[in-house]
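A look at the structure
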Amino acid sequence: MKNPDPAPSDVPPETPHPARVARATCRAGELYLFHCTDPQCPPATSLWGVFDRDDDKRLHLESSSCDLHSFRRWHALPEAYRYRRLATREELRDYTWNLACADLLAGSYRKHSFSR
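Residues numbered from 1 in each chain as written. Predicted model: local features only at pLDDT ≥ 70, side-chain atom pairs only at ≥ 80, totals over all residues. Heavy atoms only, no water.

**So, the overall build of the protein chain**
Applicable threshold: A run of H or I in DSSP counts as a helix once it spans at least four residues, and a run of E counts as a strand once it spans at least two, with each numbered from the N terminus. Throughout this description, buried means an accessible area under 20% of the type-specific maximum (1.4 Å probe, protein chains only), exposed means over 50%, and partly exposed covers the range between. We call two residues contacting when some pair of their heavy atoms lies within 4.5 Å. Areas reported as accessible are Shrake-Rupley estimates using a 1.4 Å probe. Residue values count occlusion only from the protein chains shown.
When helices and strands are tallied, the protein chain shows 1 helix and 5 strands. Helices and strands in the protein chain line up, N terminus first, as β-β-β-β-β-α. Across the 116 residues in the protein chain, those meeting the buried criterion constitute 33%. Expressed as a percentage of contacts within the protein chain between residues at least 6 apart in sequence, the contacts between residues at least 24 apart total 51%. Looking at the protein chain as shown, the accessible area adds up to about 8,500 Å², and 55% of this sits on carbon and sulfur atoms.

Quick look at the structure:
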């Protein structure tokens, strides 16, 4: 009879280089949760960010937030972040709602208006 559970490996899983976090699978405009130490990327302790581009050195974000109250725009993902996951639909809803509210409270809707 075969043992269905293989012996645990003594080799720890490889930690991706920070500059390579999720490059192959990130899509522009998608919301991701990034984390420094936890591969699960729990929402309460993750950086939430909308992926913009990869310049072969760093990942760049359109916007991001650690608390869904204050947001940064157009910046490189800090090097400390090693893990990422795609946001759920509910997380995307929460992020876009809070980003819109933050913009309205800051009055930045005037700066980004498409009307002339």
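That shown, we press on.
**Structural notes on unusual backbone geometry**
Residue aspartate 56 is not a glycine yet carries a positive backbone phi of 70 degrees. Structurally, the position occupied by aspartate 56 is in the loop between strand S2 (47-54) and strand S3 (59-65). Phi is positive for leucine 68, close to 60 degrees, though the residue is something other than glycine. With respect to the helices and strands, leucine 68 occurs in the loop between S3 and strand S4 (72-76). Exposure remark for leucine 68: the relative accessible area of 15% places this residue in the buried category.

**A word on the pairing of S3**
What counts here: Strand pairing is assigned whenever DSSP identifies at least 2 bridges connecting the two strands.
Among the 7 residues in S3, 6 count as buried, and that is most of the element. Across 6 bridges, S2 lies against S3 in antiparallel orientation. In the strand pairing of S3, aspartate 54 is matched with leucine 59. Turn length for the S2-S3 hairpin, with the two strands adjacent in sequence and antiparallel, is 4 residues, and the turn residue aspartate 56 shows positive phi of about 70 degrees. The pairing of S3 with S4 spans 4 bridges and is classified as antiparallel. Looking at the pairing, histidine 60 lines up with alanine 76 of S4. Between S3 and S4, which pair antiparallel in sequence order, lie 6 residues; one of them, leucine 68, sits at a positive phi of approximately 60 degrees.

**A closer look at the environment of histidine 35**
What counts here: Whenever two N or O atoms come within 3.5 Å, that pair is a polar contact, provided that in protein one can donate a hydrogen and the other can accept it, and provided that, for residues adjacent in sequence, both atoms are side-chain atoms.
With respect to the element layout, histidine 35 can be found in strand S1 (residues 31-35). In sequence terms histidine 35 and tyrosine 83 are 48 residues apart; their C-alpha atoms lie 5.2 Å from each other. The residues touching histidine 35, leaving out its near neighbours within four places in the chain, are Cys41, Pro42, Thr45, Ser46, Tyr81, Arg82 and Tyr83. A distance of 3.0 Å separates the side chain of histidine 35 from the backbone nitrogen of aspartate 38, its partner in a polar contact.

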